[in-house]
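# Observations on the model geometry
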Amino acid sequence: MSDKIHINLDSVQAILKKLQIAEEEIRMVIGQADKAISTAELEGFNDKRYYELKDSFEDTKSTMYYALKKIEEEHIPYLRKILRLGEDFNDS
């Protein structure tokens, strides 16, 4: 008895689109937050708490960039592969 695989290609396409949108938005938000933190320093927010916030944000930014890298290098290519295989299967 063979195993059957059921894949809803519309769902895969929807996930792919959402991940691509999320990737773009996360990059934009990180950039905006980074700019706001730098601007705050120029505007006089530069006490001990500011530097703690800045260091903490740099850690968070690093974690977010790692997650974006996984999305970009693993998840998106995997979903594209599923879509290609589904299209090839449907064409044959």
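Residues numbered from 1 in each chain as written. Predicted model: local features only at pLDDT ≥ 70, side-chain atom pairs only at ≥ 80, totals over all residues. Heavy atoms only, no water.

### Things to note about the environment of Ala-22
You can see Ala-22 is positioned in helix H1 (residues 9–42). Between the C-alpha atoms of Ala-22 and Leu-68, which are 46 residues apart in sequence, the distance is 9.1 Å. (Helix = DSSP H or I, 4+ residues; strand = E, 2+ residues; numbered from the N terminus.)

### Quick word on the packing of aromatic side chains
Taken as a whole and judged by the stated rule, the model has two aromatic pairs. For the pair Phe-45 and Tyr-50, a centre-to-centre distance of 5.1 Å together with 65° between the ring planes defines the contact as edge-to-face. Of the residues examined, Phe-45 reaches a relative accessible area of 35% and is grouped as partly exposed. Centre to centre, the rings of Tyr-50 and Tyr-51 are 5.1 Å apart; their planes meet at 75°, and the pair counts as edge-to-face. On the basis of relative accessibility, which here comes to 1%, the residue Tyr-50 falls in the buried class. A network of ring pairs unites the aromatic residues Phe-45, Tyr-50 and Tyr-51 as a single cluster. (Phe/Tyr/Trp six-rings, centres within 6.5 Å; stacked < 30°, edge-to-face > 60°. Buried < 20%, exposed > 50% of the residue type's maximum accessible area, 1.4 Å probe, protein only.)

### A closer look at the nonpolar core
As a rule of thumb, nonpolar side chains are buried together in soluble globular proteins. Among the nonpolar cores identified, the biggest contains seven residues, and these are Val-12, Leu-16, Ile-71, Ile-76, Leu-79, Ile-82 and Leu-83. Listed by contribution, the elements that provide at least two residues to this core are H1 and helix H2 (48–91). Ranked by residue count, the leading element in this core is H2, at five residues. Discounting chain neighbours no more than four positions away, the residues touching Ile-71 are Leu-19, Ile-76 and Pro-77. (Core = buried A, V, L, I, M, F, W, Y, C linked by side-chain atoms within 4.5 Å. Contact = heavy atoms within 4.5 Å.)

### A short note on the side chain of Lys-61
Within the secondary structure, Lys-61 sits in helix H2. Excluding anything up to four places from it in sequence, Lys-61 contacts Ile-30 and Asp-34.

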